[in-house]
Amino acid sequence: MLCLLLLIITVVHRWICKYSINEFINRLFPSAVGRFGVIFPVLAIAGSLIVKPCQAETSGTLSTNGIQFIGLLVGHVLSEQVH
């Protein structure tokens, strides 16, 4: 973790020395938000799913190893490619 922090500090310092501060903010901020703005919520969702207890199958559960699931999946993928 410390190595990653040092690497980030080094990269940021090189950017600041190479460009003006306005150009630095205009380039780094959107790319950081675009990248980490997606990563952090996905990690939060994954973390909440890990702590969620498993539940037993019921009659309303869609089995993922049957022909019905395969048909729905293929139909959805093909319908999305048409649009």
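The paragraphs below set out a description of the structure included in this document. (Residues numbered from 1 in each chain as written. Predicted model: local features only at pLDDT ≥ 70, side-chain atom pairs only at ≥ 80, totals over all residues. Heavy atoms only, no water.)

**Looking at the overall build of the protein chain**
No. 1: A count of helices and strands for the protein chain gives three helices and zero strands.
No. 2: For the protein chain, the sequential pattern of α-helices and β-strands runs α-α-α.
No. 3: Here the protein chain holds 83 residues, and the buried ones make up 1% of them. (Helix = DSSP H or I, 4+ residues; strand = E, 2+ residues; numbered from the N terminus. Buried < 20%, exposed > 50% of the residue type's maximum accessible area, 1.4 Å probe, protein only.)

**Some words on the packing of aromatic side chains**
No. 1: By the definition in use, this model includes one aromatic pair.
No. 2: Each ring, one from phenylalanine 36 and one from phenylalanine 40, has its centre 5.8 Å from the other, and the planes form 20 degrees; the classification is stacked. Highlighted residues: phenylalanine 36 and phenylalanine 40, both in helix α2 (residues 21-51), separated by four residues, approximately one helical turn.
No. 3: We classify phenylalanine 36 as partly exposed; its relative accessible area is 40%.
No. 4: On the accessibility criterion, phenylalanine 40 (53% relative accessible area) is exposed. (Phe/Tyr/Trp six-rings, centres within 6.5 Å; stacked < 30°, edge-to-face > 60°.)

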